Amino acid sequence: MHDIRAIRENPAAFDAALTRRGNDAAADTILALDEARRARISAAEMAQAEQNKASKEVGAAKASGDNAEFQRLRALVGEKKAEIAAMTAEAKALDAELADMLLGLPNLPMDDVPDGADEADNVEIRRWGTPATYDFAPREHYEIAGVLPGMDFEAGAKLSGTRFVVLTGAIARIHRALAQFMLDTHIDENGLLETWTPVLVREEMMIGTGQLPKFGEDSYKTTDGWWLVPTAEVPVTNLVNGEVVEESSLPRRHVAHTQCFRSEAGSAGRDTSGMLRQHQFEKVEMVSITHPDTSRDELDRMTACAEGILEKLGMPYRTIVLCTGDMGFGARRTHDIEVWLPGQDTYREISSVSVCGDFQARRMNARFKPSDGGKPQFVHTLNGSGLAVGRCLIAVLENGQQADGAVRLPEALHPYLGGKSVLSAEGVLV
């Protein structure tokens, strides 16, 4: 959601920022709607003043016996009442049209975000680790012998359709261990507050974080109006929906492990093999609610938290800044972390960390009360994967694979696996 006052003050800058994202200029249309809405409100206020004046004079006319004046004033009161109703209704309709337009426009990129049309224009800012070399052709995760007994796509398809999987035995345990390891690291070392939330949310919560109204087809809606969350960002960020919090309580740093649900609309044919792109998956999500002055630094801190998980697991990765044409709808700046997958011989996204500024806060009306007693201000919000559990499982399996189909598991996971360190070629933890 955008600040209409900022658009009034500098429409050219607003349009320039929109066009950097590949959107058409919109300030003229927005300001025309805004002007029409304000004109109707002003007209209604003037009519109300005239009605009030006439209402006061009606009694005097009646008391004086001036019946003609009495009738004229009564008619004027009725006329102004109808005029007020009409102007108010028109203002309300224009306000709704303006709100719909503003809700449909993406956030504005920060000045230091690289310009570009798509992922080809993203900018790498660092790498960590060196991809291993193999004396055999590395396989994708679902082709590794030790993985086959515990990763059943046919069962998932029988139960639910394509892009579902059933995990059993050692694979299910490694998957669970990864989530627990991520949570413990974020809680004990990164100082995040563990948060458990519903995965069914009201529609206004999806609007608050920007999934609606524009991207409804990407998520699932129940017959009674709830939405299945595409990420824990939705419920956790909305904990401050409609709130005015104390400045001293900021920053608020959360971590949540949830099931996530995405329809993957428009992604047919992309990454359909294996676990890379599923309709149901697990993610450990980080959310920060901050003071406006600290949100940019918080983006770097959250990025480091996500990178730290991969470093502890020994997974090579690279971090990139998304260009203006590849950023998500609600982001002002996004850092994607891509993990090395030897089976694909490439880096693939495993985390996306974004600072949203006050974009979501305006949609949610989430504010803080300054310690100096000034007027409440909008908080800033950030979110990021820390990490996507299924994709981290893929990385662990592919990077640790051996020629015989076994998988050497990261040392950081051994305590979560009862001290076991290898997935055997038969699919057993040893």
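Check the entry above for the structure.
Residues numbered from 1 in each chain as written. Predicted model: local features only at pLDDT ≥ 70, side-chain atom pairs only at ≥ 80, totals over all residues. Heavy atoms only, no water.

## Here's the deal with the pairing of strand β11 (residues 317–321)
Each regular strand shows side chains that alternate between the opposite faces of the sheet. Just so we agree on the cut-off: Only protein chains enter the calculation, and the probe is 1.4 Å; a residue is then buried if its accessible area is under 20% of its type maximum, exposed if over 50%, and partly exposed in between. Secondary structure elements are defined from DSSP: runs of H or I of at least 4 residues count as helices, runs of E of at least 2 residues count as strands, and each element is numbered from the N terminus. Strands are treated as partners if at least two bridges between them are detected by DSSP.
Of all the 5 residues making up β11, 4 are buried; the element is thus mostly covered by neighbouring parts of the structure. Pairing geometry for strand β1 (residues 123–128) and β11, over 5 bridges, is antiparallel. Each residue of the ladder has a partner; that of Arg126, found in β11, is Thr319. Where β11 lies against strand β12 (residues 333–341), 5 bridges are found, and the strand directions are antiparallel. By the bridge assignment for β12, Ile320 is matched with Asp336.

## Quick look at the pattern of salt bridges
Note the threshold: Just to be clear on terms, a salt bridge is a Lys or Arg side-chain nitrogen sitting within 4 Å of an Asp or Glu carboxyl oxygen.
Taken as a whole and assessed by the stated rule, the structure comprises 25 salt bridges. Here Arg127 and Glu124 are joined by a salt bridge, their closest N and O atoms 2.6 Å apart. A salt bridge links Arg318 to Glu338, with the nearest nitrogen and oxygen atoms 2.6 Å apart. Of the two residues, Arg318 sits in strand β11 while Glu338 sits in strand β12, which places them 20 residues apart along the sequence. A residue is classified by how much of its surface remains accessible, and Arg318, at 22% relative accessible area, is partly exposed. A residue is classified by how much of its surface remains accessible, and Glu338, at 11% relative accessible area, is buried. In the salt-bridge network here, residues are joined through shared partners; they are Arg8, Asp34, Arg37, Arg38 and Asp95.

## Considering the nonpolar core
Where we set the bar: Put simply, a nonpolar core is a bunch of buried Ala, Val, Leu, Ile, Met, Phe, Trp, Tyr and Cys residues held in one set by side-chain atoms that sit within 4.5 Å of each other. Contact criterion: two residues are considered in contact whenever any of their non-hydrogen atoms come within 4.5 Å of each other.
Residues Leu178, Met182 and Leu397 are the most contacted members of the largest nonpolar core, which totals 54 residues. Counting only elements with at least two residues in this core, the list comes to α6 (169–188), β10 (280–290), α9 (295–313), β11, β12, β13 (346–357), β16 (380–388) and α11 (389–399). Sorting elements by how many residues they give to this core places α6 first, with 9 residues. If sequence neighbours within four positions are ignored, Leu178 has contacts with Leu313, Val389, Cys392, Leu393, Val396 and Leu413. The next biggest cluster of nonpolar side chains, apart from the first, holds 17 residues, and it includes Ile4, Ala17, Leu98 and Leu108.

## Side note on the packing of aromatic side chains
Formally: Ring geometry is summarised as follows: Phe, Tyr and Trp rings, the Trp one being its six-membered ring, pair when their centres sit within 6.5 Å, and such pairs are stacked at plane angles under 30 degrees, edge-to-face over 60 and tilted between the two.
Summed over all chains, the structure comprises 6 aromatic pairs. Taken together, a centroid distance of 5.3 Å and an interplanar angle of 70° make the contact between Tyr134 and Phe136 edge-to-face. With a centroid separation of 5.0 Å and 65° between ring planes, the pair formed by Trp340 and Tyr347 is classed as edge-to-face. Aromatic ring contacts, followed pair by pair, group Phe215, Phe329 and Phe359 into a single cluster.

## Looking at the sheet that holds strand β15 (residues 377–378)
Strand order in the open sheet made by the 3 strands is β8-β14-β15, with mixed pairing throughout. What marks the edges here is a single partner per strand, and that holds for β8 (244–246) and β15.

## Examining the sheet that holds strand β6 (residues 220–221)
Backbone hydrogen bonds are what pair the strands of a sheet, in a parallel or an antiparallel way. With respect to topology, 3 strands assemble into an open sheet ordered β5-β7-β6, the strand pairing being antiparallel. Unpaired on one side and paired on the other, β5 (200–201) and β6 mark the two borders of the sheet. Bridge count for β6 against strand β7 (residues 227–228) is 2 bridges, and the pairing is antiparallel. Within the sheet, the bridge partner assigned to Tyr220 lies in β7 and is Leu228.

## Things to note about the state of the cysteines
As a reminder of what qualifies: Here, a disulfide means two cysteine sulfur atoms that sit within 2.5 Å of each other.
As enumerated under the stated definition, the model contains 0 disulfides in all. Left unpaired, Cys323 is separated from the closest cysteine sulfur, that of Cys356, by 17 Å. For Cys323, a relative accessible area of 0% translates into the label buried. Not engaged in a disulfide, the cysteine Cys392 finds its nearest cysteine sulfur in Cys260; these two sulfurs lie 14 Å apart. By relative accessible area, which is 0% here, Cys392 ends up buried.

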